[in-house]
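Architecture at a glance
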Amino acid sequence: MAEEHRCQAPRFCANNCGFFGSPATQNLCSKCYRDLQLKDQQSSSAKMVLNHSLVPPPQPLVSQPASSSSAPPDPVAVEAPRAAEEAKVSQPNRCATCRRRVGLTGFKCRCGMMLCGTHRYPEQHACEFDFKGLGREQIAKANPVVKGEKLDKI
């Protein structure tokens, strides 16, 4: 069986980079295999960040009253909040406070707003994000309560 492995001709990398690959690295050379692992690791960390997002899911814009009337909602009233929301989303390169164009130098706050250099601090744009609550949660997760067993008195 060992002779069979010795007689096999070396295979080129599956990415056609010109180096030899091995079955242990999915027929990739060491560099391509390392790049593949890094890409997988980054995609898994991105998925974790999306799953553990700090921003709560958006609430529905229009709530139906509990009454038994079957009248359809006013289309003008439904469209007005959507238009305002689309205006914020369509211009992510402007400061949410002063509407100054920020381009690539804009700062994204944890509350979700894009801000200029002047308004990037939470005090400057009346940030609604709970920084203290986030800190408390992180400390609670990092430092679990540890209690030892009580000793029996002799």
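Residues numbered from 1 in each chain as written. Predicted model: local features only at pLDDT ≥ 70, side-chain atom pairs only at ≥ 80, totals over all residues. Heavy atoms only, no water.

Counting its secondary structure elements, the protein chain contains four helices and four strands. The secondary structure elements of the protein chain, listed N-terminal to C-terminal, are α-β-β-α-α-β-β-α. Residue burial in the protein chain is summarised as follows: out of 154 residues, 12% are buried. When contacts within the protein chain are restricted to residue pairs at least 6 apart in sequence, long-range pairs at least 24 apart make up 8% of them. Taken as a whole, the protein chain presents about 13900 Å² of accessible surface, with 57% of it coming from carbon and sulfur. (Helix = DSSP H or I, 4+ residues; strand = E, 2+ residues; numbered from the N terminus. Buried < 20%, exposed > 50% of the residue type's maximum accessible area, 1.4 Å probe, protein only. Contact = heavy atoms within 4.5 Å. Areas by Shrake-Rupley, 256 points an atom, 1.4 Å probe, with all protein chains shown as cover.)

Another aspect to go through is unusual backbone geometry. When glycine is set aside, most residues are seen to have a negative phi, and most peptide bonds are trans. Backbone geometry at Asn16 places phi at a positive 55°, although glycine is not the residue there. When you line up the elements, Asn16 lands in the loop between strand 1 (11-12) and strand 2 (20-21). Judged by its relative accessible area of 69%, Asn16 is exposed. For Arg99, which is not glycine, the phi torsion reads 65° and is therefore positive. With respect to the helices, strands and loops of the structure, Arg99 is situated in the loop between helix 3 (75-90) and strand 3 (107-108).

As a further point, take the side chain of His125. Checked against the element boundaries, His125 lands in the loop between strand 4 (114-115) and helix 4 (131-142). Under the relative-accessibility criterion, His125 is labelled buried at 7%. Non-local contacts of His125, meaning those with residues more than four positions away in its chain, are made with Thr97, Cys109, Cys111, Met113, Leu115, His119 and Arg120.

With that settled, consider the pattern of salt bridges. Counted under the stated rule, the structure contains one salt bridge. Between Asp35 and Lys31 there is a salt bridge whose closest N-O contact spans 3.3 Å. With Asp35 and Lys31 both in helix 2 (residues 30-51) and four residues apart, the pair spans about one turn of that helix. Judged by its relative accessible area of 35%, Asp35 falls in the partly exposed class. (Salt bridge = Lys/Arg side-chain N within 4 Å of Asp/Glu carboxyl O.)

Before going further, it helps to spend a moment on the packing of aromatic side chains. Tallied over the entire structure, the rule returns two aromatic pairs. Ring geometry for Phe12 versus Phe20: centroids 5.0 Å apart, planes at 20°, classification stacked. According to the relative accessible area criterion, Phe20 is partly exposed, its value standing at 49%. Geometrically, the ring pair formed by Phe129 and Phe131 is edge-to-face, given 5.0 Å between the ring centres and 70° between the ring planes. When its relative accessible area of 18% is taken as the criterion, Phe129 is described as buried. For Phe131, a relative accessible area of 34% gives the class partly exposed. The residue whose ring lies beneath Arg120 is Phe107, and the NZ or CZ to ring-centre distance is 4.9 Å. (Phe/Tyr/Trp six-rings, centres within 6.5 Å; stacked < 30°, edge-to-face > 60°. Lys NZ or Arg CZ within 6 Å of the ring centre and 35° of its normal.)

This next bit is on the environment of Asn27. In this structure, Asn27 sits in the loop between strand 2 and helix 2. Since its relative accessible area comes to 26%, Asn27 is described here as partly exposed. Excluding anything up to four places from it in sequence, Asn27 contacts Arg11, Phe12, Cys13, Ala14, Gly21 and Ser22.

Looking now at the confidence of the model for the protein chain. This prediction gives the protein chain a mean pLDDT of 75; 66% of its residues lie at or above 70. The weakest mean pLDDT in the protein chain belongs to helix 3 at 48; the strongest belongs to helix 4 at 93. Across residues 65-69, confidence stays below pLDDT 50; counting only partners more than four residues off in sequence or on other chains, it has zero contacts. In the predicted structure, residues 86-90 sits below a pLDDT of 50 and forms zero contacts with residues beyond four places in sequence or in another chain. (pLDDT = per-residue confidence, 0-100.)

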